[in-house]
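# Commentary on secondary and tertiary structure
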Amino acid sequence: MRTFLYFTCACFLFQFTQAQNRQAQNQQTQGRQVQNQPAQSRFGSEPATVLDKFKAGVDSCDVDLRVHRPLIGLSTGQNETSAVLKGTYIHAILKAGGAPVLIPVTTDGVALREIVAGLDGLVMTGGEDVDPQWYDESPRQQLGVVDPERDVYDLKLVKLAADRNIPILGICRGEQLINVAFGGTLYQDIPSQRDGRTLIRHVQKMPGKYASHRASVVSGSQLAEIIGEGEHGVNTFHHQAVKDVAPGFRPVAWSPDSIVEAIEAYPEYPVLAVQWHPEAMVAGDDTTMLKIFRFLTDKATTFRRAKEIHDRILSVDTHTDTPFWFGRPGYSFADRERSRVNLPKMEEGKLDGVFLAAYIGQGERDDASLQKAVNRVTEIIENIHREVKQHSDLCSIALTPEDFARIKREGRKTVFIGIENGYGIGKDISNLARYKAMGALYMTLCHSYDNDICDTSTRTKKEWDGLSPFGEEVVREMNRLGIMVDLSHAGESTFWDVMKLTSVPVICSHSSARALCDHDRNLTDEQLRALAQNGGVVQVCLLDMYIHPERAKASIVHAIEHIDHIVKVAGIDHVGIGSDFDGGGGILGCQADNDLIQITVKLLEKGYTEEDLAKIWSGNFLRVMTAVQAAGK
């Protein structure tokens, strides 16, 4: 820290001296008349202040509106009077092209949330031991100094940053803290817990810019891509270390005595942590270790760009089943923790709007059961209105694309209403107009069983071999009313019948590409091309069984592959996102609304432009909505 302050003071004195010299030269050139005139300050014709004199030198070299550095937060330690951080961390970030910001130790969650919301990257720095009570162990005799307040502060920082998918780098204690935060454990003291299996001294006596042992980096890891696989010289200043690696992470570097030297969550989540101190080695001009900080600033730059794009465009998730929660005791749409879709997570993931589905499971088709289905759909839509009204300062229901844009300008989130399963209209086609009056903008013709409208894709008995006669009436009436026809869940024969019948574009609110995952809920390439010719759009679904043949392996990487495939087959104008969150949706790297920003980041990394992203996130879907509503008018 002292180094940083000396650097700042030196810059100030240099600029101040330069400003004085320039002023003296000007006065000599312009003569006595100039000397007798009052100096112009920022507050008027008053004697120039020190700040005024200094300002001239600063503006010319430090203010460039075209230069933007990613804002990198640095966790700090504390003593009785101040925040504590070694200047080597600051210099490493500056050298890597970032703008370092020190985050003072506080357990005030609201203050930390506001700070973290402005960050593009985060470094969790070294320091005291982590209290073993956080991973349900009693302290050992060899445990070093712990700081309970800093533990809470660091844990909150990690959670708040991870919730927003901010790129994180952990260093030494930072690595250990990250591992604990996500469910891992630590060796409280390596020498006493390794039973003599320690081959190296993990607390070196030589300065940190020197390596004291070698760490082996795992092939195929993100860390290997950054600094190269194989052995690298590292320093070491710790007696605690990662023991059981947290779920979602993997060890990617080892010391010769099998101590974990690095962990990462890539490619699903942007978190990398190392046991050594690369910032100290950067201070010794180590160019390999500088790559770690440049990697962080590169990721932070992309993350910043993703946030800025979301500020400019409209983004919508076209299918969620969150109304399943509405009306439950204690539930609130403004409560972050109980559902995958809610207002705090939408804010974290930079999502502007969400379709809430009034879902009804397929039941019996007698008159009494059909009426119960109608009553239930009506109740769900009323619950949506009630929940939104309770949070009208934070969100509002939209009926048109124009409403959507206006609500965003007002600083609120948008709720749209859809109906999932045409079973919910019974056999009374007039219910379509009634639901439209209640705000419903699309209806999925069926769910997982055949109904009175059509055959499903999943448990079909091929009752109608596509649309039923009643189903044909339903499609025509939806076209007439300006309600979008949703073909997700529909069987292939139903799909083709609708394509022949509809006079407007259609949607598939939550479906993916069958060429990549052979599931009946996904669309074949032939269907994708037909959808493009119709002018419609398919919204990639983030449900594991629709994304990867091995459900447990489904990740955001595979979801991006589905988007890529649909773009190649149908074109950039015919793809979007429909997560199916709270209805089964959720894959590694994209589990809830707060993770949706990751889709933008990964698409940017693949070369997609802001124009492309504007289409994927809402433009394509809103174009269909506009066309359908215009025809309905």
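First things first, this report covers the structure right here in the doc. (Residues numbered from 1 in each chain as written. Predicted model: local features only at pLDDT ≥ 70, side-chain atom pairs only at ≥ 80, totals over all residues. Heavy atoms only, no water.)

Here we come to the overall build of the protein. Within the protein, the regular secondary structure consists of 22 helices and 24 strands. Here the protein holds 633 residues, and 56% of them are scored as buried. Considering only intrachain contacts with a sequence separation of at least 6, the fraction spanning at least 24 residues in the protein is 71%. For the protein, the computed accessible surface area is about 27100 Å², with 51% contributed by carbon and sulfur atoms. (Helix = DSSP H or I, 4+ residues; strand = E, 2+ residues; numbered from the N terminus. Buried < 20%, exposed > 50% of the residue type's maximum accessible area, 1.4 Å probe, protein only. Contact = heavy atoms within 4.5 Å. Areas by Shrake-Rupley, 256 points an atom, 1.4 Å probe, with all protein chains shown as cover.)

Right, let's talk about the pairing of strand β16 (residues 316-320) for a bit. Across the 5 residues of β16, 5 count as buried, placing the element largely inside the fold. In terms of strand pairing, β16 meets strand β17 (residues 353-359) through 3 bridges, oriented parallel. By the bridge assignment for β17, V316 is matched with G353. In this view, the connection linking β16 to its parallel neighbour β17 by way of helix α12 (residues 343-348) has right-handed handedness. (Pairing = 2+ DSSP bridges. Right-handed = clockwise from strand over helix to strand, strands pointing away.)

Before going further, it helps to spend a moment on the packing of aromatic side chains. Counted by the stated rule, this structure contains 11 aromatic pairs. Both rings, one in W325 and one in Y331, keep their centres 5.8 Å apart while their planes meet at 25 degrees; by these two values the pair is stacked. The same class applies to W325 as to Y331, namely buried. Here the aromatic cluster, defined as three or more aromatic residues joined through ring pairs, consists of F324, W325, F326, Y331 and F333. (Phe/Tyr/Trp six-rings, centres within 6.5 Å; stacked < 30°, edge-to-face > 60°.)

Core analysis: the largest hydrophobic core is formed by 118 residues, its most contacted members being L445, L487, I563 and I599. Here this core gets 8 residues from one element, more than from any other, and that element is helix α13 (residues 367-390). Formed by 35 residues, the second largest nonpolar core is a distinct cluster that contains C172, A215, L290 and L296. (Core = buried A, V, L, I, M, F, W, Y, C linked by side-chain atoms within 4.5 Å.)

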